[in-house]
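Each chain, letter by letter, is given below.
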Amino acid sequence: MNKRIAILVVLSLLAGVMIPFVVYGEEHEYNLEELALRAKQIFEIPDDYDTFNSSISSYGGRTYYYFNWRDSSRKLNDISVTIDSNGLVTSYSTYDPKAPEEQRLPRVTKDEAINLAVSFIERLGNGISNSIEYDDTNYYAAASDPNYNLRFIRTADGIPFIDNDLNISISKGSGKTTSLYLNWTGDAEFSGLDGIMDLESARNAYKKIPGLQLVYKISDQFPRPLDSSGQELSHYLVYAPRDNITMIDPWTGEPVISGYGPYGMGGGKAEAMDQGGITPVEKEELEKLKGLLSSAEADKKSRDLLDIGDDYLMDSQSLYPSWKNKNDYNWSTSFSKNSGAENSIFIEVSIDARSGELISLYINNSANEGKKPTLGREKAREIAEDFVRKTIPNLMDSIRSPIEYNISEAERLQYFIFNRYIGDIQVEGDSITVVVDTFDGSIASYNKSWYSGSFPLSEGIITLDEAYKALIESVGFGLGYRIIPVEEKGIWSDLVRLVYQTNPQRAPYIDPFTGEPLDYSGNPYRTRQAISYGDLDNTYAKDKIMILTEYGITLPGENFMPKSQIIQKDFMRYLWAAMNSYRLDREVSDDTIYQELTDSGIIRDDEINREGKITKAEAAKFVVRAKGYEKIALIQGIYANIFEDSNAIDKDYKGYVTLAYGLGILKGDNSGYIRADYFLKREDAASIIFEFAFNGS
C-alpha cells in the first residue's frame, strides 16, 4: 500500500477520537486528524512526506501528542511536532539530513534572528507572542553553533514569570527556525499587585528574614587555588542568602520556599552511602595501609555501634575512599535479617576506616511500611538530637538547625538537618542529617558529611549592610511570578505565586572582601559586552575584527593596535577564545589557557614563548592542530609547491602551511607568495582567527 494512502487511513481512523481544544479561553472539540492538520498549517509542512508516525503520553494532568514526518528519499527535512491536550504546540524541530556540518559566516544578524523568531512564534496563536519578552541576560553566541539560540520569558502585566519560557533556534545561514520548545503553564492564575508592599519595604523585610549570612561554598574550580601553605582550598567564602532562600511573600514578607522543603519529599538512602566497591586485589593492598581497620574489625565495630546482633547476616562489605576527604577511607557493611515474608530488616552502615566513627546509616524495616505516625515532629526532633549528641558529642557546638518552613507532619519519616558552622560562617555541604521513623521512634537513617581540610581566612571582610547594598544594586531584587510546589495531605502540586526575589538569573552571591557579585562558581560575575575598539579605521581586517567581537572573541584593551606585531600569548588567547566562546563570560588567566592548549596538544611545552613574536607558519601549525588535522599535515611528500616561495618553507611546516591555505584559513600576499616566515601583525592574526572560526572547513 502506498505510504501516503496509509497515512490518510490512519488519520481517518483517528478522526473519531475527540479531545478538548482550548483557544483564547473557549473550549472546542478537535479530533486528532485536525490536530495533525493544524500542525501542518502552522509549520507549513507539505503533503510530500511518505512516512508519518504518531504517539501519545500523559503526565502532570496533560496529554501530549507527538507527530513525526519523514521523507524516505531524504529530499525533505525530518520534522517533529508536539501538541498538548489543550491544543498548545510545546515543541517543534526540523533536521536536514543532507546539510553539511560546516562553520560559515552568518548571513543573518542576531537582530534579524530575533525578528524572525517573533514572526514564527506568532504562528502558534493562543496569545503567546503577546505574553513574552526577549531575554538577553545569559545569551552567548558560539561561532561553532549554526544557530542563534534565543530565549523569551513569559510576563503577566509586565511582571516576569521566569519559570515559563520559550526557547527557539534560528539558523544563522537561512534564518529558518530549526527548533522551538515551549514551557507554559496553561492554567496559571495571576494574583495581581493589589495590596503588596512597596519595593523598599520588601528589601527591608528580606534583610531581616531570611537575610544574608557568610557561607563557605564548595568550589568547582580546577585546578583549585592554594592557601599560604600550599594546600588546596576546596571552599570559597561568600555572602549568600540564609538557607538558600531568595524569595519572600509580597504581602506578608514571609520567606517563600522554592522547592519541596529543605529536606526533600520522601525517604531514601543517605547520599553518602555505598560509593561503590573495589576489587579484592585493591582491597588487599589498601588493607596494608597503616591504621586501617581490617574487614573483620569493621564488621565488629559496625555491629557494636548499633547493637546489631548475630542474628543479622553480613550481606556485603566494601572499602572505598571518601569522596570529600581524599586521604580518608570508609568501610561500608550491609546486614539483613528475615523474620518472615512480611518482616525483613536491611541495615547498611558506613564507618571511618581508621577511627571507626559512624559516617552513615540506613535502616529499612519492612514491618513499618504503610504505618501511620504515632509521634509528633517535636518528639522526633528530641530523638534525632539525642542520637546526634550520643554519636558525635565533640561536634555539637559546630552545628545548628536551619529555620524550618512548611514542614509536613503527615510523613512517617521525618527529616532533620544540622548544618556545620565555623564561628558564624556556614559550611556548604557539611551537615548531619537524621531521619526518624515516627511510627516507633527508631532512627531510619543518619549521614555525616564533613570536610576535614582547611578553609580560607575571613579577615578584612565587608560588613553585612555593605553586602546587602551590593546584592540589591549589583544582583537585583524585584517582583516576579514563580512556580512554587505546595503540599496538602501528602500530595504535592504546583502553585503560581507572586514574590519579591533576588534576580533569579544571577547567583545571589557577594564577594565578602570586594563587594563584587560572583557567579555560581565563585568567580567575579562578568557580562558579555561587545568591545568597541577605537583604532580600526585603517586596517584591512576591520570587518572581521568587529564580527569576532560580537561573539566575544577579542583581545584585551581599549585599542586593538592592528599594525603592531602580535606576541604568542595574545595569539593563543585569540585562538582559545574562538574555541571556547561559551566560556567568555569569566576571566581566564594566561596560565589556564596555556594549560588547556597544552593538554589538547595544540601547543607543546618546548614551543611556549609567551612574549615572542609568531610567524605565519607557526600560526598555521596551531590552527591546523586545533582543527584536528595534524596527522595529515605531517605526511611528507604529498604537498605540491603551490607558492612562488614554497621551497623557502621549512619542511617541518610545509604540510601545516599548505593545509591551512587549502582550508581558507591562511592567505597569500596576492602575488603568489605565502611568506611563511613573516611575523604576524595583530590584524593578520584577526584574519586567521576569523577564517578559523567561520570558514575553515
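Note that the structure is predicted; figures quoted are calculated from it, not measured.

From N to C terminus, the protein includes 15 helices and 26 strands. Excluding contacts between residues fewer than 6 apart, the proportion of contacts in the protein whose partners are at least 24 apart in sequence is 59%. On the protein, roughly 35,300 Å² of surface is accessible, and the fraction owed to carbon and sulfur atoms is 48%.

What follows deals with the environment of Leu395. If you trace the backbone, Leu395 turns up in the loop between α7 (377-391) and β19 (399-400). It is 10.0 Å that separates the C-alpha atoms of Leu395 and Ile432, two residues lying 37 residues apart in sequence.

Take α7 next. Spacing of three or four residues puts side chains on the same side of an α-helix, whose turn is 3.6 residues. Between its terminal C-alpha atoms α7 stretches 21 Å, which fits the 21 Å expected from 15 residues at 1.5 Å a residue. What α7 keeps buried is the set Arg377, Ala380, Arg381, Ile383, Ala384, Phe387 and Val388. Take α7 and look down its axis: the buried residues cluster within an arc of 160°, on one side only. Exposed residues lying more than 90 degrees from the buried face of α7 are Glu378 and Lys390. Buried-residue contacts for α7 involve β18 (358-365), β19, β20 (413-422), β21 (425-437) and β22 (442-449).

This brings us to the pattern of salt bridges. Within this structure, the stated rule accounts for 36 salt bridges. In this structure, the salt-bridge partner of Asp465 is Lys207, at a minimum N-O distance of 2.9 Å. Of the two residues, Asp465 sits in helix α8 (residues 464-475) while Lys207 sits in helix α4 (residues 199-208), which places them 258 residues apart along the sequence. In this structure, Arg381 and Glu378 form a salt bridge, with 3.7 Å as the shortest nitrogen-oxygen distance. Remark: Glu378 and Arg381 occur in helix α7; sequence separation between them is 3 residues, near one turn of the helix. The exposure class of Arg381 is buried, given its relative accessible area of 14%. Residue classification places Glu378 among the exposed residues on the basis of a relative accessible area of 52%.

Further remarks concern unusual backbone geometry. One non-glycine residue, Asp157, lies in positive phi territory at about 55°. For Asp157, the position within the fold is in the loop between β8 (147-156) and β9 (159-171). Residue classification places Asp157 among the exposed residues on the basis of a relative accessible area of 73%.

Glancing now at the pairing of strand β17 (residues 344-352). Among the 9 residues in β17, 7 count as buried, and that is most of the element. Both β17 and β18 contribute to a ladder of 7 bridges, which runs antiparallel. Each residue of the ladder has a partner; that of Ile347, found in β18, is Ile363. Between β17 and β18, which pair antiparallel one after the other, the connecting turn spans 5 residues, and Gly356 there sits at a positive phi close to 80°.

Turning our attention to the packing of helix α10 (residues 568-579) against helix α11 (residues 590-599). One can describe the packing of α10 onto α11 by two numbers: an axis separation of 10 Å at closest approach and a directional angle of 70°. In this view, α10 runs roughly perpendicular relative to α11, as classed from their interaxial angle. Classified by chirality, the crossing of α11 by α10 is left-handed. In contact with Gln568, Lys569, Met572, Arg573, Trp576 and Met579 of α10, α11 contributes Asp590, Ile593, Tyr594, Glu596 and Leu597. Of the residues assigned to the contact of α10 with α11, the class counts are 6 nonpolar, 1 polar and 4 charged.

Turning next to the side chain of Arg573. Following the sequence through the fold, Arg573 ends up in helix α10. Judged by relative accessible area, Arg573 falls into the buried class, the value being 17%. A polar atom in the side chain of Arg573 sits 2.8 Å from the backbone oxygen of Val588. In this view, Arg573 contacts Pro556, Val588, Ser589, Asp590 and Ile593; residues no more than four positions away in its chain are not counted.

Those residues of helix α9 (residues 542-550) that fall on the buried side of the exposure criterion are Ile545, Leu548 and Thr549. All buried residues of α9 project into a common sector of 100° when viewed along the axis, lining one side. Turned more than 90 degrees from where α9 packs its buried face, Asp543 and Glu550 sit exposed. Buried residues along α9 sit in contact with α10 and α15 (682-695). Gly552 lies just past α9 and shows a positive phi near 80°.

This part is about a nonpolar patch on the surface. On the surface, Ile632, Ile635 and Ile638 cluster together into a nonpolar patch covering about 260 Å² of accessible area. Position of Ile638 relative to the elements: it lies in the loop between α13 (630-633) and α14 (651-662).

Once that is clear, we can look at the packing of aromatic side chains. Per the stated rule, a full pass over the model turns up 22 aromatic pairs. Each ring, one from Phe161 and one from Phe190, has its centre 5.7 Å from the other, and the planes form 85°; the classification is edge-to-face. With a gap of 29 residues between them, Phe161 in strand β9 and Phe190 in the loop between β10 (177-183) and α4 connect regions that are remote in the sequence. Pairwise contacts between aromatic rings join Phe43, Tyr92 and Phe120 into one cluster. Positioned over the ring face of Tyr525 is Arg506, at 3.6 Å from the centre of the ring. Residue placement shows Arg682 over the ring face of Phe560; its charged tip is 5.4 Å from the ring centre.

Rules and cut-offs
Residues numbered from 1 in each chain as written. Predicted model: local features only at pLDDT ≥ 70, side-chain atom pairs only at ≥ 80, totals over all residues. Heavy atoms only, no water. Helix = DSSP H or I, 4+ residues; strand = E, 2+ residues; numbered from the N terminus. Contact = heavy atoms within 4.5 Å. Areas by Shrake-Rupley, 256 points an atom, 1.4 Å probe, with all protein chains shown as cover. Expected span 1.5 Å × (residues − 1). Buried < 20%, exposed > 50% of the residue type's maximum accessible area, 1.4 Å probe, protein only. Arc of directions from axis to C-beta. Salt bridge = Lys/Arg side-chain N within 4 Å of Asp/Glu carboxyl O. Pairing = 2+ DSSP bridges. Axes fitted to C-alpha atoms, helices over the stretch in contact; angles between N-to-C directions. Parallel < 35°, antiparallel > 145°, perpendicular 65-115°, else oblique. Left-handed = near helix turned anticlockwise from the far one by under 90°. Nonpolar A, V, L, I, M, F, W, Y, C, P; charged D, E, K, R; others polar. Polar contact = N/O pair within 3.5 Å; in protein donor to acceptor, adjacent residues only side chain to side chain. Patch = residues over 30% accessible without salt bridge, like charges linked within 9 Å, V, L, I, M, F, W, Y side chains within 5 Å. Phe/Tyr/Trp six-rings, centres within 6.5 Å; stacked < 30°, edge-to-face > 60°. Lys NZ or Arg CZ within 6 Å of the ring centre and 35° of its normal.

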